Amino acid sequence: MANGKDDRRRAAPDPGNTLFIVYVGFVMFIVLLSMVVDSYAAVDSSENQEVTLSGIRQGALLFATNGNEGKFVAAPQLSKDVEIYISAMTARTMVRQRFVNGTDQWQEAIYVFPLPDESAVDQLRMRIGDRVIEGEIKEKEEAKTVYEQAKKEGKKASLLSQERPNIFTMAVANIAPGEEIEVEIEFQQVVALSNGIFSLRFPMVVGPRYIPGSPGIHDREQESLHFSGTGWAMDTDQVPDASRITPPVAPSGEQNLNPVRLMVELAAGFSIARVESLYHGIIVADEERDVKLIRFDGNVKADRDFVLEWEAAQQARPQAALFSEKRGSDTYLLMMLSPPILDSSKQAPPRELVFVLDTSGSMAGTSIVQAREALILAISRLTDHDRFNVIEFNSTASKLFEHAEAADAEHRKQAIRFVSSLKANGGTEIAKALDLALDGKQNHERIRQVMFLTDGSVGNEKELLATIASRLGDSRLFTVGIGSAPNSYFMSRAAVMGRGSYTYIGKTSEVEQKMGRLFQKLEHPAITDITLKTSSGRSLQSYPDPIPDLYAGEPLVVSLKIPEGTEQEMLNISGRLGVERWQESLNLKTLAERSGVATLWARKKIRSLVDTLALGAKEDHVRKEVLDTALTHHLVSRYTSLVAVEKQVSRPLEEDISQSVLKNNLPHGWQAQKIFGGTAQTATPAQLRMIMGVLLLLAAFLLLYWNRRQRV
Amino acid sequence: MKAWALRITAFALLTSGGFLLADGCWIRTKAVLAQILLQHAWEQTLTSGRQTKPWPWADTWPVARLQVQRLGIDLIVLEGDSGEVLAFGPGHLPASSAPSDNGHCILAGHRDTSFQFLQYLKKDDVVTLQTSNGRLQSYRVRETMIHGAEELYFQESDSFALTLLTCYPFDTLRANTNLRYIVFAEKS
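Residues numbered from 1 in each chain as written. Chains lettered and ligands numbered in written order. Predicted model: local features only at pLDDT ≥ 70, side-chain atom pairs only at ≥ 80, totals over all residues. Heavy atoms only, no water.

**Regarding the overall build of chain B**
A count of helical and extended segments in chain B gives two helices and eight strands. Counting across all 188 residues of chain B, residues that qualify as buried make up 62%. Long-range pairs, those at least 24 residues apart, make up 55% of the contacts in chain B with a sequence separation of at least 6. With the model as given, the accessible surface of chain B reaches about 7600 Å², and the carbon-plus-sulfur share is 57%. (Helix = DSSP H or I, 4+ residues; strand = E, 2+ residues; numbered from the N terminus. Buried < 20%, exposed > 50% of the residue type's maximum accessible area, 1.4 Å probe, protein only. Contact = heavy atoms within 4.5 Å. Areas by Shrake-Rupley, 256 points an atom, 1.4 Å probe, with all protein chains shown as cover.)

**Description of the overall build of chain A**
Tallying secondary structure elements over chain A gives 14 helices and 34 strands in all. A total of 712 residues make up chain A; the buried ones form 52% of that total. Long-range pairs, those at least 24 residues apart, make up 74% of the contacts in chain A between residues at least 6 apart in sequence. Accessible surface, chain A as shown: approximately 31900 Å² in total, 52% of it carbon and sulfur.

**Considering the sheet that holds strand 31 (residues 580-587) of chain A**
All names here are of chain A. A sheet is described by the order of its strands in space; here three strands give the open sequence 27-30-31, paired in antiparallel fashion. Each edge of the open sheet is held by one strand with a lone partner, namely strand 27 (528-534) and strand 31. For this sheet the average axis-to-axis angle between neighbouring strands, irrespective of direction, equals 20°. Bridge count between strand 27 and strand 30 (residues 570-577): five bridges; the pairing is antiparallel. What sits directly across from T528, in strand 30, is R576. (Pairing = 2+ DSSP bridges. Axes fitted to C-alpha atoms, helices over the stretch in contact; angles between N-to-C directions.)

**Things to note about unusual backbone geometry**
Across the junction of A:Y543 and A:P544, the peptide omega takes the value 0°, indicating a cis bond. Here A:P544 shows up in the loop between strand 28 (542-543) and strand 29 (556-562). Cis geometry marks the peptide bond from B:Y168 to B:P169; its omega dihedral reads -5°. Within the fold, B:P169 resides in the loop between strand 7 (161-168) and strand 8 (179-187). Of note in this structure, A:R499 is not a glycine but carries a positive phi near 55°.

**Looking at the packing of aromatic side chains**
Residues and elements named next belong to chain A. This model, assessed by the stated rule, comprises 11 aromatic pairs over all chains. Ring centres 5.9 Å apart and planes at 10° place the aromatic pair F198 and W310 in the stacked group. With F198 in strand 11 (residues 197-202) and W310 in strand 17 (residues 306-312), this pair connects stretches of sequence that are 112 residues apart. The class for F198 is buried, based on a relative accessible area of 3%. Each ring, one from Y543 and one from W601, has its centre 6.0 Å from the other, and the planes form 65°; the classification is edge-to-face. Highlighted residues: Y543 in strand 28 and W601 in helix 12 (residues 597-614), separated in sequence by 58 residues. Through a chain of ring-to-ring contacts, three or more aromatic side chains come together here, namely F198, F270 and W310. A cation over an aromatic ring shows up here: K521 above the ring of Y551, its NZ or CZ 4.9 Å from the ring centre. (Phe/Tyr/Trp six-rings, centres within 6.5 Å; stacked < 30°, edge-to-face > 60°. Lys NZ or Arg CZ within 6 Å of the ring centre and 35° of its normal.)

**Observations regarding helix 1 (residues 2-48) of chain B**
For helix 1 of chain B, built from 47 residues, the straight-helix expectation of 69 Å at 1.5 Å per residue is met to within 8% by its first-to-last C-alpha distance of 66 Å. Along helix 1 of chain B, the sharpest kink reaches roughly 25°, centred on B:I27. (Expected span 1.5 Å × (residues − 1). Bend = angle between axes of the 7 residues up to and from the residue.)

**Let's talk about the pattern of salt bridges**
Two side chains carrying opposite charge are able to pair once their charged atoms lie near each other. Counted according to the given criterion, the structure contains 44 salt bridges over all chains. Across the salt bridge formed by A:D384 and A:R412, the nearest N and O atoms sit 3.7 Å from each other. Of the two residues, A:D384 sits in the loop between helix 6 (366-380) and strand 21 (387-393) while A:R412 sits in helix 7 (residues 409-420), which places them 28 residues apart along the sequence. Look at A:D384 and you get exposed, because its relative accessible area is 56%. A salt bridge links B:D112 to B:R28; the nearest nitrogen and oxygen atoms lie 3.9 Å apart. (Salt bridge = Lys/Arg side-chain N within 4 Å of Asp/Glu carboxyl O.)

**What about the sheet that holds strand 19 (residues 330-337) of chain A?**
All names here are of chain A. Spatially, five strands are ordered 28-29-19-18-32 in an open sheet, and the strand pairing comes out mixed. Each having just a single partner strand, strand 28 and strand 32 (592-593) make up the two edges of the open sheet. In this sheet, strand 32 lies alongside strand 18 (residues 321-327) in parallel orientation, the contact comprising two bridges. Following the sheet pairing, F323 is matched in strand 32 by A592.

**Regarding the confidence of the model for chain A**
Residue and element names in this part refer to chain A. In this model, chain A carries an average pLDDT of 73, and 72% of its residues clear a pLDDT of 70 or more. Confidence drops under a pLDDT of 50 for residues 206-256, and excluding neighbours within four residues, the segment shows 153 contacts in the predicted structure. pLDDT under 50 marks residues 661-679. Its contacts with residues more than four places away, or in other chains, come to 84 contacts. (pLDDT = per-residue confidence, 0-100.)

**Section: the nonpolar core**
A general tendency of soluble globular proteins is for nonpolar side chains to be buried together. All names here are of chain A. The biggest cluster of nonpolar side chains holds 73 residues, and the ones touching the most others in it are I84, I86, L160, M170 and W310. Ranked by the residues each element gives to this core, the list is headed by helix 12, at nine residues. Beyond its immediate stretch of four places on either side in the chain, L160 contacts F113, V121, L124, F168, T169, M170, I185, V636, S641 and L642. Residues A374, L400, A415 and I482 belong to the second largest nonpolar core, which totals 33 residues. (Core = buried A, V, L, I, M, F, W, Y, C linked by side-chain atoms within 4.5 Å.)

**Digging into empty space enclosed by the protein**
All names here are of chain A. A complete count under the given rule lists eight cavities of 30 Å³ or more for this structure. Taken together, 15 residues make up the lining of the largest cavity; nearest its centre are I447, R448, D474, R476 and T528. Of all the secondary structure elements, the ones that give two or more residues to the lining of the largest cavity are strand 24 (447-454) and strand 25 (476-482). Ranked by residues supplied to the lining of the largest cavity, first place goes to strand 24 with three residues. Partitioning the lining of the largest cavity into residue classes produces four nonpolar, five polar and six charged. No fewer than three residues from each of domain 2 (328-338 + 527-632) and domain 3 (351-522) sit in the lining of the largest cavity. (1 Å grid on protein atoms, 1.4 Å probe; cavity = no way out; pocket = protein on both sides within 12 Å on 5 of 7 lines; lining within 4 Å. Points joined across faces, edges and corners; volume = space filled by probe spheres on them. Nonpolar A, V, L, I, M, F, W, Y, C, P; charged D, E, K, R; others polar. Domains from an automatic or database assignment.)

**Examining the environment of B:I106**
With respect to the helices, strands and loops of the structure, B:I106 is situated in strand 4 (residues 104-108). Between the C-alpha atom of B:I106 and that of B:A161, which follows or precedes it by 55 residues, the distance is 8.4 Å.

**With respect to the packing of helix 6 of chain A against helix 7 of chain A**
All names here are of chain A. Contact pair helix 6 / helix 7: the axes reach a minimum separation of 10 Å and the direction vectors enclose 180°. Taken together, the axes of helix 6 and helix 7 lie roughly antiparallel to each other. When helix 6 is examined against helix 7, the residues R372, L375, I376, I379 and S380 are found in contact with a partner set consisting of R412, A415, I416, V419 and S420. Residue composition of the contact of helix 6 with helix 7, by class: six nonpolar, two polar and two charged. (Parallel < 35°, antiparallel > 145°, perpendicular 65-115°, else oblique.)

**Considering a nonpolar patch on the surface**
On the surface, A:L688, A:I691, A:M692, A:V694, A:L695, A:L698 and B:L173 cluster together to form a nonpolar patch covering roughly 560 Å² of accessible area. Here A:M692 shows up in helix 14 (residues 686-711). (Patch = residues over 30% accessible without salt bridge, like charges linked within 9 Å, V, L, I, M, F, W, Y side chains within 5 Å.)

**A few points about the confidence of the model for chain B**
All names here are of chain B. Per-residue pLDDT for chain B averages 82, and the proportion of residues at 70 or more is 93%. For chain B, helix 2 (residues 83-86) is the element with the lowest average pLDDT, namely 79, and strand 1 (residues 62-68) is the one with the highest, namely 91. The complex model carries a pTM of 0.57, and its ipTM stands at 0.76.

**Quick word on the side chain of B:D125**
Within the fold, B:D125 resides in the loop between strand 4 and strand 5 (126-131). Polar contacts involving the side chain of B:D125 include one to the main-chain amide nitrogen of B:K122, which spans 2.8 Å. (Polar contact = N/O pair within 3.5 Å; in protein donor to acceptor, adjacent residues only side chain to side chain.)

**Quick word on the pairing of strand 15 (residues 291-296) of chain A**
Residues and elements named next belong to chain A. By the criterion of burial, strand 15 is predominantly enclosed, with five of the six residues buried. Relative to strand 15, strand 12 (residues 259-267) runs antiparallel, the two being bridged by five bridges. Across the sheet, V264 pairs through a bridge with I294, a residue of strand 15. Sheet topology places strand 14 (residues 282-288) next to strand 15; six bridges connect them, and they run antiparallel. Across the sheet, residue V284 finds its bridge partner in strand 15, namely I294.

Structure (structure tokens):
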């Protein structure tokens, strides 16, 4: 039977074999073709480079990689304990971070984290078992060298440096497999107060940033913070729309990476009517009279900033505050200046408003529409009591009225007609507009407010700032940034120079709200030219310097150091309310002592010094001054870092250390927005299929070979 | 009976093995063959100034030409980042700025075909992008990095910036990885 079958096969032309040859030929063809492809793709690989960690420098997060082999290792786990002690206007925060190395390798952990704006970081402590190692303040470069040296020698070390004004990195070297290291940092900050509501914000995550697109990131530090830093934190002058980046959105279901425990002791110094956490569940307990203890309701995921708000009971509203701290022979003060309550508008001097509108080509499109809308809104809010003028500029600058006119119905109508007809084209000659708008005069009979609406696309920023400084007189400059990408850096600087404020309008829908807030502020009289003197007539330097104007509902917090020998004197605060003088005196004899006041002074001084860099101060000089202050007050700054090094060696030198970067939770609500890359599937199964194919073919051939042998 | 089962198995193995091998090779071959058709479509785009589909049933069109002289790379970039598009060449992420615009343009490609060369790009390499109006824009590589796919966010830029994106690691068999290799370049 078997023979017969064989015969038939031989006799008939064998379609199976022919097909097989065609089949093999086809496979060979494709394999050859793909080899051509491979050789086409295999370009020079001699200089295969390592991936840099530079992402971290920008606050970007985060990947875990073993630098040596390109192999991925699990990152150490981290948990965080936060304790905040609020005492009247100041808050001391202690953050305890626990790094656990769950891998079987020695690890270096790098962790990027945000702290509140203007927080003064002055303590670093490393705990290994029972041992505590205190951090020392050193010049940034020196601290890094000390850390690297310790890392190489196998000693445990940690390094805390400031990357941006509010973004810090912590590096911990030589964590043994299975070991746990605790690192504590402490910082001091001032509690915010606006319209009678006190608030404190503790940022929990660094927003993941895509790689910055704007050039010269170092020169434009403030602007680049839009995303990473202040971004989700406070509504600041730089990023006035920041709070909209943290909307409450449904949780994304991601794993809880960095659990946080939080405790706040609130000793407000007055009886508290309301305590509230805006985004997290809390439990409030009464500790003693006027002291409250606040805890998270359970373990909270670190994906949204913690914001605590409190208010004084109606009868206990504080109007002023003055705290002091003695360090050595120096006495430091922290003072809250509240605007005096004014009975009616008759005290307020008349205002003169100058509106300056950029109609250059870069404003074309929605920008000019927003600007026109904002300006029309501004003009229609004027009263007969005010005087005003409108200046338009592109390649040239022109005024609507020769001199400022009374804002009566007729003039208002005329101005609105003028503004509605404005179109955007031509160059941007801001200097000419500044010349027209700022008169350099001092005239106390009126309050002169210049409102500058532009996208600020200029190149000669330094010259312009100098012009503002020299021609300001007693005018105040309020810059309003328009469009999707205004030059916020320049405009916030210009506002500081012009002693006004910067408002950013990103969308047409925001015009009304943002401009409304600005007008409300401007319509109320402010106390200007505030100076501080001792009763013997010595003038005192304070920070911020100069002291900004004092607007209704917005108390100012000022730090100063009083010279030796003046402790028995009075402190005179004087300013002007239009033509009238305004003065208050404080007794320096009975001061409420609070620790941290000196640290806050130093932080404000450093901030003030760093700010002068943007105005053209010499880096060498600023660096020296900042170093001096930071080293004396034990502060982490742009030029200083805290470093803690263990004396004994813990890692045997023959074992390698691998580096890992801790993963942060994504800020709440960000995950669904604008994610890209995750959707693009940028790998093919080609290689896998080819290998599987070859394996299957091999199996088939083996099977056939075995079959034949059996039959022979 | 036994021999019969054996032969069936061998035949099944031959078929599926051959199919897998052919398919795997086809994915790579397709990427190369497609680029030839795409080059042609690109020439037409440049001369006519209109979007030209590389083949009649295509659901994408060339938007730019990407060149790296040092590595001898010359690729036509397509619009879109779907699997169908990326099979033929690198794709432009529709959410990012257009290659010709002043902004942040993001291109994605397969790590084992069109964008295999990303691993060899290094700092200061020059990447040239020709846009549909014929203009050549040079970018200089500023850095390369690796991130998890879900950690990537798009930041707008007010100057020319180019990001090239592919899966990472380059030499792995797994088709679904969560890591992305990123090359960031800026106008030079």
